[in-house]
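Geometric and topological summary
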Amino acid sequence: MAFVLNDRVKETSTTTGTGVITFAGAVSGFETFLAGIGNSNTTYYVIAHQTANEWEVGHGTLAADSSTLTRTNVYTSSNSDSAVDFAAGTKDIFCSLPASKAVVEDNSNNVSIGNNLTIGGILTLPDNTSGKILVGDGASY
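Conventions adopted
Residues numbered from 1 in each chain as written. Predicted model: local features only at pLDDT ≥ 70, side-chain atom pairs only at ≥ 80, totals over all residues. Heavy atoms only, no water. Phe/Tyr/Trp six-rings, centres within 6.5 Å; stacked < 30°, edge-to-face > 60°. Helix = DSSP H or I, 4+ residues; strand = E, 2+ residues; numbered from the N terminus. Buried < 20%, exposed > 50% of the residue type's maximum accessible area, 1.4 Å probe, protein only. Lys NZ or Arg CZ within 6 Å of the ring centre and 35° of its normal. Pairing = 2+ DSSP bridges.

**Some details on the packing of aromatic side chains**
Taken as a whole and judged by the stated rule, the model has three aromatic pairs. Taken together, a centroid distance of 4.9 Å and an interplanar angle of 65° make the contact between phenylalanine 3 and tyrosine 44 edge-to-face. Residue phenylalanine 3 is located in the segment before strand E1 (10-13), and its partner tyrosine 44 is located in strand E4 (residues 42-49); the two are separated by 41 residues in the primary sequence. You can call phenylalanine 3 partly exposed: its relative accessible area is 44%. The class for tyrosine 44 is buried, based on a relative accessible area of 12%. An aromatic cluster is present here, built from Phe3, Tyr44 and Tyr75 joined pairwise through their rings. For arginine 8, the ring lying beneath its charged end belongs to phenylalanine 30, and the centroid distance is 4.0 Å. A cation sits over an aromatic face here: lysine 10 above phenylalanine 30, 5.2 Å from the ring centre.

**Looking at the sheet that holds strand E3 (residues 25-26)**
Pairing within the open sheet is antiparallel, and its seven strands lie in the order E2-E6-E5-E4-E7-E1-E3. Both outer strands of the open sheet, strand E2 (21-22) and E3, are each paired with one neighbouring strand and no more. Relative to E3, E1 runs antiparallel, the two sharing two bridges. Paired with glutamate 11 across the strands is alanine 26, a residue of E3.

Written as structure tokens, this is what we have:
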């Protein structure tokens, strides 16, 4: 199981309640969750009822056949940031990067990260490191 985020992934559903969402097929011009995210993977999602004021943003897990989405963590919603008890009707479900998970440069050109930064490749520093500090962990820098 991997975390996957992809553009233009959008399906509909007529699922009601607070449980697992069953997909009803891709919206024209978009990919299915199977094609864009893949079996058993996790992703960020938005669920928005087409006619009722019900919506939810969270992190979910696709089933082994990508036919359903389990709503693992709800970040924000129209239900006081809890899982929404969706009413009957059609909902759009799509991939989206939640604002709370984005890393952005502010208007002072600063970037803040609320937790640890893990780098899987090479860290490149500017040519001029005068006045800067690089801390080692005892085995590497």
